[in-house]
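# Results of the structural survey
In case you want the letters, here they are:
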Amino acid sequence: MKFTKPAWVMHKDSSKTDHDTKRLSIFSVHVHPDGSRIATGGLDAKIRIWSTKPILNHASEMSNRPPKSLCTLSMHTGPVLTIRWAHSGRWLASGSDDEIVMIWDLDPSGRGKVFGSNEVNVEGWKPMKRLPGHESDVTDLAWAPEDRYLASVGLDSVVLVWCGYTLERLRKLDQHQGFVKGVCWDPVGEFMATQSDDKSVKIWRTTDWQLEAEIRKPFEDSPGSTFFRRLSWSPDGAHITASNATNNKGFVFIAAVITRGTWTSEISLVGHENTVEVAAYNPHIFLRNPASLIATSNICSVVALGADDRSISIWQTKSARPLIVAREVFERQIMDLSWSWDGLTLYAASSDGTIAVFHFDPEELEGIAPHSAQEQYLHKFGFVPPPIPEGFSHGTFTHSTTAASASRITPPPSPDRAQSQSQSQPQPQPQPQPQPQPQSQSGFGASNGINGAEHINKLVAKKSNKKRVQPVLMSSVPSASTSRSALVSTSALPPSASGLGARAFQVPEIPRSRQASHSASPVPSPQTYDADIEMGGPMDMDVPIDALDTSMSSASKGKRKASVLDTLEDRPSKPRTLGGDRPRETVAVREITSTSLVSTRPHLFEGADLLPVPPLLTFVSANVEGSDFVFEARNSEGDGATEVTFADGKQTLWLDYLPSPVLALTASTTFCAVATQDGSVNVYSHTGRRLMATLSFGSPCAMMHGCKLALMILTASGQLSSINVKNVTSFFPPTSVAPLLSSSPNCTILSATVRHNGAPMIHCSSGIVYTYDVQLFSWTKLSERWWAEGSDVWQGRQRVNKDKDVVASIEGAIGSTSIPAPHKERPTWWNTALTLGHLESKLHAAKALDSAPEYKQALLIYARKLADEGFRAKAEELIKELFGPIFWRPGGRDDSWTPVVAGMAKRDLLREVLSVFVRSKTLTKLALDWQDTLKKASSDDQL
């Protein structure tokens, strides 16, 4: 076996220079089916594609032939948490914490310099389709056998199933009660498995997408701290190996092996000293006796495990001991594992920003069988997969090709060639619409196919006088959608074993002037589909779908309603709204300097302002995060009315008029608020209803921000109010920011925002961010520039998600405005003292801002630092704070200790802290004693 860690495979912090390169975490790695390249996804929100030959061949690495870095893809706006090549090798799927799944396709003309950097793309990959639908981070992806389906899971506790050919959404499975962090497919194609923080593995049938089984026993005491719970299905279909399982009430970390059919876990892979994060089976089956026939008794599998103890183990199911254990391969936990299709190379990625590669000789993996043996063996299950939609194909799969063709990627047909082929064929004639089908239970209004087979709706394309709005952002990237605004919707229901073949339906010829410039990669038959329609491209056409018209009775099946489909005038009108019949207008943004308007501000305010008032503009707007809704205000330069509108795209949904010009406005996912020059604030719902009486602050608004149900207003006089819009109450009495501004000379407020719990965040030019503590009735520091001078965990330049990593984003904001301090001689304990102080400050900040993930992360880093330094007194005090009174019971009279912090049970956090202390050279005895105490307390609570 050869082991290597290529240092040049990395995701860099773009804010660092080449001489001071900082590695960012790599969350996912996957090998292309032909083995020629790997893809990695990281914290920098980029996908990077690398050649494997320089990794495995030293001479190739030295000569840089082929080039090491092939491509950098940067369409995601958040860290890329998972990437998976399709089995065909044609597509690459990626999932990010920007809540989007992206499908990438090879672009022969996409080579060249990467915009905004010095990198050069040797080959091009283009975003072919966006798959929105998740409401939180996408944590894992998996392609079904033969790419029939794509499954995505995320922190919204939802599993989404997409058609692997049309890329339309088929099913939404929402039976998990916690974050879903892993998904895999049965190689037979009969089942899908998902693993969640609700401490269960669920098995789903692909015939009807119903729950087949739920496994909970080995996960009952598993910690919820792992980034992923990536599980894997053995190539013989017999077992699932699931990560993050435990024995002995949570004190022994294992991987659980679940048996097909009985769906029980009687086998445990024991040996890792911390939580197992990921499991990955070798794609080949292995023969116990290579000379014997292929039978169940002669087959075994090889599985690799990656854990938070920074080690990797490789097991063969015929042996009770691992084949290989590689300890401390990384500096931090393993995030992902991927085997090459030939089964001889294992790639591992870590959050320390590096990858490791294990390359085996065939003799070392005794009994490895060809893929043809696996295909032969899987036939015994007798499962008949659903038919492929007519006119679609992923091409020849890599594992079915010859060795010569398997060594390269065959690019898909170019758009020009696909269009020329389409023009050379006779165009189809319009077909009558299909009979209406009953609505499915998929949660997306998909229509049933005949006998459960995949079904593609008949489409009728008609000219319309209605003008379509051309998208401005990512216009070349089609997006899978199930909303009413989708131009085309193709749906497929769960296939059955004995379903009829799917049918493709014809559409009329599309005028060339209306065709979009892009083309779908799965090039359909020119006789049945236009490429623009198949991918939902922008066209000036209405394409009604017959299956969505549920008003037809059974007696009228097969008869088209001319009054609905033929004329726009007879269509059902939209619900009436205030101003909803008016198109959205564009207004030039100018500052209003009219003396008549400026003089409306009372002279009482003059000279009493602590903060500057925003300039009066002709147009002010705010976007509702995660949607296309826009809240806008228009101020007249003359005697006209001041107007606020709420719009979706080019259409106004509602409007209102106000007696005073608008200075500022904000919009959250639940409300909109507008501040006027006379010191008033109006709060609306998204339907335009006023949620509370008009607020009057006696001073114009200087800054305003909304987050979920919290609204913060900071007036020019320095008064800060934080309001719970849902309950129509104040989180705390109005308070002044004057103490913050007087803390240093010439101090100003750079920004003011609010958290969902009502905690304000005031960023001052002094390099300090404050919040108001309701319990202490005092301003407290969330973070400050001081920690950057010596703390080892300062995140001043790291790219983070502002909504999820709020404390880290605060440090990033401080770091972006700070000036590097000159180097000074520091005392011996300088770094240790500042690091511990910084971590303790971060714990208080995460608690104040109700950021549970950051609280847990800071707590575990703090515990590791105490363990490394051997500070027993601090460690013991931390343990006692988390454990609480020995005889504390829920509902007891002792209210001096609360069992929960930042929404998490303190004793659950203590269990993870003790697992850190127990590996310390100086705190092992202390940790073991408290583990016993914690175990007894847990047993007593259950009595």
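Residues numbered from 1 in each chain as written. Predicted model: local features only at pLDDT ≥ 70, side-chain atom pairs only at ≥ 80, totals over all residues. Heavy atoms only, no water.

What follows concerns the overall build of the protein chain. Scanning the protein chain from terminus to terminus reveals 14 helices and 54 strands. Of all intrachain contacts in the protein chain linking residues separated by at least 6 positions in sequence, the fraction that spans at least 24 positions is 58%. Looking at the protein chain as shown, the accessible area adds up to about 42400 Å², and 52% of this sits on carbon and sulfur atoms. (Helix = DSSP H or I, 4+ residues; strand = E, 2+ residues; numbered from the N terminus. Contact = heavy atoms within 4.5 Å. Areas by Shrake-Rupley, 256 points an atom, 1.4 Å probe, with all protein chains shown as cover.)

What follows deals with the sheet that holds strand β50 (residues 760–764). Strand order in the open sheet formed by four strands is β49-β50-β51-β52, with antiparallel pairing between adjacent strands. The outermost strands of the open sheet, each flanked by one partner alone, are β49 (749–754) and β52 (778–784). Pairwise comparison of adjacent strand axes, ignoring direction, gives a mean angle of 25° for this sheet. As judged from the six bridges shared by strand β51 (residues 768–773) and β52, these two strands associate in the antiparallel manner. Along β52, the bridge assignment pairs tyrosine 772 with tryptophan 779. (Pairing = 2+ DSSP bridges. Axes fitted to C-alpha atoms, helices over the stretch in contact; angles between N-to-C directions.)

A word on the state of the cysteines. Following the criterion strictly, the structure yields zero disulfides and no others. Here cysteine 764 stays free of any disulfide, with the sulfur of cysteine 747 as its closest cysteine sulfur at 4.2 Å. Classification of cysteine 764 by relative accessible area gives buried; the value is 1%. (Disulfide = S-S within 2.5 Å. Buried < 20%, exposed > 50% of the residue type's maximum accessible area, 1.4 Å probe, protein only.)

Here arginine 65 and proline 66 are connected by a cis peptide whose omega angle stands at -5°. With respect to the helices, strands and loops of the structure, proline 66 is situated in the loop between α2 (58–63) and β7 (69–73). Unusually for a residue other than glycine, valine 728 sits at a positive phi of about 55°. Following the sequence through the fold, valine 728 ends up in the loop between β47 (719–724) and β48 (729–736).

Across all of its chains, the model carries 31 salt bridges by this definition. The partner of glutamate 328 in a salt bridge is arginine 310, and the shortest N-O contact between them spans 3.7 Å. In this pair, glutamate 328 sits in the loop between β31 (324–326) and β32 (334–339) while arginine 310 sits in the loop between β29 (302–307) and β30 (312–316), placing the two residues 18 residues apart along the sequence. (Salt bridge = Lys/Arg side-chain N within 4 Å of Asp/Glu carboxyl O.)

The next point concerns the nonpolar core. Note that soluble globular proteins tend to have their nonpolar side chains buried in a common cluster. Grouped together as the largest cluster of nonpolar side chains are 48 residues, with contacts concentrated most on Tyr855 and Phe917. The set of elements that each furnish at least two residues to this core consists of α9 (806–817), α10 (830–848), α11 (852–869), α12 (872–883), α13 (906–917) and α14 (924–942). A per-element tally of this core places α11 first, with nine residues. Beyond its immediate sequence surroundings of up to four residues, phenylalanine 917 is in contact with Ala863, Leu866, Ala867, Ala875, Leu878, Ile879, Leu923, Thr924 and Ala927. (Core = buried A, V, L, I, M, F, W, Y, C linked by side-chain atoms within 4.5 Å.)

For the structure on display, the rule yields 23 aromatic pairs. With centroids separated by 6.1 Å and ring planes inclined at 85°, the aromatic side chains of tryptophan 233 and tryptophan 263 adopt a geometry described as edge-to-face. With tryptophan 233 in strand β22 (residues 232–233) and tryptophan 263 in the loop between β24 (252–259) and β25 (267–270), this residue pair connects regions lying 30 residues apart in the sequence. On the basis of relative accessible area, tryptophan 263 is assigned to the buried category, the value being 9%. (Phe/Tyr/Trp six-rings, centres within 6.5 Å; stacked < 30°, edge-to-face > 60°.)

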